[in-house]
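A structural walkthrough
Single-letter residue listing:
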Amino acid sequence: MKRNRIGIKKMISQLLAVAVFAALTACSGKQETGKSEAGIVGTESTAEESINSIMASQESRESAGMPSSDGDVELLNVGCIYEFDVESPYCDLIKYLSYDSFMYANLVRYDENNEVVPCLCEKFEIAKDGTAVTFYFKEGIKWHDGQSLTMEDIEFSLNLWLDVLKPSVALRYMKDVEVLDENSIRVNMQSSCAYVFLRHMIMSSAGCVIYPKHIWEDVKDLKSFSGPDAMIGCGPFVYESYDEEAKVAYFHRFEDYHEGAPTIKRVAFHLYESPESVVMAYKNKEIDCMFQYAAGLAGIYVPALKELDYLDVGEEVNLGSSILEFNFKDELMQDLDIRNAVYAALDYELLAATGGGDYCVPGTKGVISPGNIGYAADMAVNKQNISEANQILDDAGYIDTDGDGLREKKDGTELKIMVSPAYSASKGTQYQRLAQVVVRDLEKVGIKVYLDEEVSNSDAWKARFSQNKDFQIAITGCSQGVAIIDTVNQGLVEKAGSDGTLTWNGTNNTPEYVEIFSRIINSRNPEEYAVAADESQRYLADQMVAITLGVESMFYPYNTADYTNWSARNGNGAFSYDTWFTVKAKQ
Amino acid sequence: MNYHKQMKLGKKVLFYLLTIWLVASFNFFLIRFMPGDPLEHLVGTEDYLYLTTAHPEVLEELGAKYGLDKSALHQYGTYLFRLCRGDLGRSYKNNLPVLDIILKKLGRTFRLIVPAVLLAAVLGILLGAAAGWNQGHRSDRCISRLALIIYAIPGYCLGMIGLMIFCFWLGIAPTGGMSSGGLSGGAYIKDLLWHMALPVGVLTLSKLSYNVLMMRSSIIETIKEDHILMAKTRGFSDCRILFRHVLPNAALPMIPIITMQTGSIISGSMMLEQLFNWDGMGLLVYKAIGGNDYPILQGSLLVLTICVVLANLLSDFLCALSDPRIKDGVWNER
Amino acid sequence: MVVLLFVALFAPWIAPYDPWEMSIPFLGPSWEHILGTNDVGQDIFSELVFGARTSLLVGFTASLAITVMGSFLGAFAAYYGGWADRCIMVFINVALSVPSLPLIIVLSAFLKRSVWNIILCICLTGWVGTARIIRSQALRLKDMGFIRNCRTMGCSSLYIIIRHLLPNLKETILTKGMLSVASSMLTEASVSYLGLEPMTSKSWGTVLNDAFRAGGVFNGYWWWYLPPIACISLSAFCFLSLQEES
């Protein structure tokens, strides 16, 4: 196919060259014959000039066009486990693609090292005290419908975040938006959290992107606005169509993208239901790589993937991890002795193997995984020590008083712990399996434990975990994204912020802990962030707020047989922003 | 007589309407048992959490909008009224009308079911006839044993084995999905058939076995009847007796048997869809459970029930059409 | 069949390991673990042995309930006729029109997960088949001499149904019962394969589901996914053959 096309191109250019040559000789011949007639000569010479210019442009087009045509990827097939049920920025696929400024773009984005860099702005400046960030307008950015991006669009979008998309995490920081002049706009914060705010802005699950005002200003109900108009962004890829039956969404590159056109001409997202189907798709060579925000394939699939020689398994270390979380709203779990006993009772080797086969190892005390900014490397590796667990419980007064082999509470009443695993489509049944191991381990030290069977799907889980907060021990995960934005603490702490009014996802509101987390989100630069993160890790270890169940590798396999120059970003694997502009087809 | 017949038909239709009404009511009362605040599902968990803490008054307004503040009877009335107009509510997940979603997926499930039912019927009747006609021979034992074995294997197990063999070992079948996308015309149809082959094959196989067993016993019964013996004594050729006398008579009872399978074949295809990533009712229901999408779940149950009812009607109609003896269509007294 | 019963009854003695006990995960077949271990290091062979218990428990309890309920309702309908008959027929027709698996799935979204709820769901639609057949057979018997004699002798209706009507239908009941054991077991396997059973319960369907979810099928661990398929199919086959013979 490709070779054919190049052949045809060569032929056409040769033909053109011959034709131009013939025309030139004919012209020059005419010039010689018709010297006397000035007027005619004049027209002839302009004709010659125009022919020359045509030739020049032909040449220039060829020299500019050739490198792009011989290396560009015609169609990249990407597998993912998202839904694309409506043509709207709020459908799963687009929402997560927006983290990387794919179709909808944002003011800033991550570079390959997960550092924040400008995207839809010339530059941004964080105020010295960290309470505001100023974005400077960049000229020459176009929407997919041909209109230009204006300052009004940006102002409109930022206000949309503030007024309409409120529930989002990122927006809890925003106080107001201020247009300084026609070239700059300032976002004021509630506290000195501008540095962390930028990351929240990139990864906003509520769809905080820059919207074209000319389309969205009349929209009443944002969440139900859909259709082709809702798919006009200014990112490097343009929405083409969705084949509902095949479950493939097509995008093609945006030639006018302000950072240059991508090297991938078309992208097809194949949507699957589960990680198993993605593995099957790799086996069948249906896809070249996968896109799944912070959830690559687990290590248990690697034996099957390794058999496929067209792939690089794309291993990367998950900066987040599966975690065991204690509920600090629960009386029993508030007891540090219980938490420490649970810590000593767990079989970390088995937990790691269950979570990731050969590609997962026990983590360290203090939950935070290696590789994160501010990770304290001197923490002890998690290790099972049943006698110590028994000792802690005995010393604390949790003794079997009625002789049934199970421990009772200090006051002699029944001691019973519920373990609730999270439900997540991209993780399959992993949390449920981990929970079973935890239950078994706790039984071994004489605690009566049971699995939470009432919760059996993701919604019920959300209600239990985030709304009612009536779990005792939760088996859940800290995603890579959360780990990068503001550390695992986000899911553990209940309140934070300068005035303590911002509610978070966790249950712990110990003042000391709240203070540490507030320092993380209020850090003004990487150094402050690292210091606070380090301190939080030590606090987590001392107080045993949560336990990491393993440091695992995630796998984002990609096709190395047909394509080259992949560029991976931690959290997205091979299908990252940089890849779109570097990947090339092998000749 | 004619009046009598109409009465019977009318009664039957009434029966079916009653069935649908009962299932619809059942659906309504299931919602009452639903854990948590229905509003939470109407606005989505994330927004609900935010609104409960920040703007409870907005939630109240929404409650009034959805009629949640009225009496249960009033709600039941509006529910039935909306049902009659084909309004099954909106999916919690993406706010699309439930009926639209279900009809789309139903069409896809039918793509599996219809060819499978037809193939299973034709092949089942033929193989069953072959077995019954040669009752006691090796071919009979072979066919009926095999049919029994396949009948015992659940469809999804067959599917898994099929996936292993055709997909992983031989690599000639797709791993799932409905089409490869980006095709049109002949190529599209070819691609669609290629994707359909394995699930339809598996579904056919598992339904076929039952048909074979049924047809076999039906043939054996028919052979014993007097007019067949008569035909035999009159010296007609075996072939003529089989095709002119036995088959038509033996195949008749198969009509209700095959149409009555609709319920079980829907169940079977739901399991297979999950395995083959076929985006039909099965996958829809399965995903709706994962997201507690109650309108979808209830709508699916209702629509599937209506499908079965329609299949039963079809069965009555076919029976009455093909056999004058059972024109009164008394399938429920068989 | 006998082997199956035996295995189920004496599961704790037959199984080499406690199926909930965990050791090293993802082991292949060996002398210690005949069928290897699963993703949390549980012995697959022991899982299957204990799975036989669940399957048979569901199969027998559900079919017992179905058969008792079905035959009584069928017999009542036939014996009394009139309004009782009509009412029961309405229920039969309704239950007949509701596809069973979707119903079970929808109900499972509302009910707590337990084996007993699954049995309940199976019974909810399972009884109609039995009831229908019993009714039509009982209609035939009802007008026979000995039943009429009983009635003239002043026996109570309940007595007649229990002592005379049903015993004469015992072959049909038994055949249908065998069939419902098989179908209940298959339904249970489907439901547990879909992962709608309690997480820790051991059944053939859950083993198959685990094998599929934890990569057993892709990685070619045949010892993980083939045995449960064989178990499900073989046991269903057993009951079907029994039914065929009786």
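A brief look at the structure comes next.

Regarding its fold elements, chain A presents 17 helices and 25 strands. Out of the 587 residues belonging to chain A, those deemed buried represent 58%. For chain A, the proportion of contacts with a sequence separation of at least 24, taken over those separated by at least 6, is 69%. Of the roughly 22700 Å² that chain A leaves accessible, carbon and sulfur atoms contribute 50%.

With that settled, consider the overall build of chain B. Broken down by element type, chain B carries 15 helices and zero strands. Buried residues in chain B amount to 49% of all 334 residues. When contacts within chain B are restricted to residue pairs at least 6 apart in sequence, those whose partners lie at least 24 apart make up 73%. Counting every atom, chain B has about 16000 Å² of accessible surface; 67% of that belongs to carbon and sulfur.

What follows covers the interface of chain B and chain C. Listed per partner, the contact involves 44 residues of chain B and 41 residues of chain C. Summing both sides of the interface, chain B and chain C together bury roughly 4100 Å²; the carbon and sulfur share of this comes to 78%. The three residues of chain B that bury the most area against chain C are Tyr-156, Met-160 and Met-271 of chain B, which together make up 14% of that side's buried surface. Between chain B and chain C we count three residue pairs in polar contact (both at pLDDT 80 or more) in total. Mapped onto the side of chain B that touches chain C, the elements with two or more residues apiece are helix H1 (2-33), helix H7 (138-152), helix H8 (155-169), helix H13 (262-276), helix H14 (281-290) and helix H15 (294-322) of chain B. Of the residues forming the side of chain B that touches chain C, the biggest block, nine residues, is contributed by H15 of chain B. In the side of chain B that touches chain C, the residues fall into 34 nonpolar, eight polar and two charged.

A few words on the pattern of salt bridges. If you walk through the whole model with that rule in mind, you get 36 salt bridges over all chains. Taking the shortest distance from any N to any O, the salt bridge between Lys-287 of chain B and Glu-273 of chain A comes out at 3.2 Å. Here Lys-287 of chain B is found in helix H14, whereas its partner Glu-273 of chain A is found in the loop between strand E10 (264-271) and helix H7 (275-283) on a different chain. You can call Lys-287 of chain B partly exposed: its relative accessible area is 25%. Among the ionic pairs, Glu-528 of chain A bridges to Arg-524 of chain A, the shortest N-O distance being 3.2 Å. Relative accessible area serves as the criterion here: at 38%, Arg-524 of chain A is assigned to the partly exposed category. Sharing partners across several salt bridges, the network here consists of Glu-83, Glu-244, Lys-247 and Glu-273 of chain A together with Lys-104, Lys-105, Arg-108, Asp-279 and Lys-287 of chain B.

Turning to the nonpolar core, a few remarks are in order. Across soluble globular proteins, nonpolar side chains have a tendency to be buried as a group. Counting 165 residues, the largest nonpolar core has Leu-93, Phe-135, Trp-161, Phe-269 and Phe-575 of chain A as its most contacted members. With residues near it in sequence (within four places) discarded, Phe-269 of chain A still touches Val-78, Cys-80, Leu-93, Leu-97, Phe-102, Lys-247, Val-248, Ala-249, Phe-251, Phe-291 and Phe-575 of chain A. Ranked by size, the runner-up nonpolar core spans 146 residues in total, among them Leu-297 of chain A, Tyr-156 of chain B together with Ile-92 and Ile-229 of chain C.

Attention shifts here to the interface of chain C and chain A. The interface is formed by 23 residues belonging to chain C together with 27 residues belonging to chain A. Here chain C meets chain A over a buried area of about 2200 Å², counting both sides, of which 58% is carbon and sulfur. The largest share of the area that chain C buries against chain A comes from Met-199, Arg-213 and Phe-218 of chain C, three residues that together contribute 34% of it. Linking chain C with chain A are one salt bridge. Residues Arg-433 of chain A and Asp-210 of chain C are paired through a salt bridge, measuring 3.2 Å at the closest nitrogen-oxygen approach. There are one residue pair in polar contact (both at pLDDT 80 or more) connecting chain C and chain A. Across the side of chain C that touches chain A, the residue classes tally to eleven nonpolar, six polar and six charged.

Thresholds, definitions, all that
- Residues numbered from 1 in each chain as written.
- Chains lettered and ligands numbered in written order.
- Predicted model: local features only at pLDDT ≥ 70, side-chain atom pairs only at ≥ 80, totals over all residues.
- Heavy atoms only, no water.
- Helix = DSSP H or I, 4+ residues; strand = E, 2+ residues; numbered from the N terminus.
- Buried < 20%, exposed > 50% of the residue type's maximum accessible area, 1.4 Å probe, protein only.
- Contact = heavy atoms within 4.5 Å.
- Areas by Shrake-Rupley, 256 points an atom, 1.4 Å probe, with all protein chains shown as cover.
- Buried area = accessible area lost by both parts, 1.4 Å probe.
- Polar contact = N/O pair within 3.5 Å; in protein donor to acceptor, adjacent residues only side chain to side chain.
- Nonpolar A, V, L, I, M, F, W, Y, C, P; charged D, E, K, R; others polar.
- Salt bridge = Lys/Arg side-chain N within 4 Å of Asp/Glu carboxyl O.
- Core = buried A, V, L, I, M, F, W, Y, C linked by side-chain atoms within 4.5 Å.

Shape is all these values report; function is a separate question.
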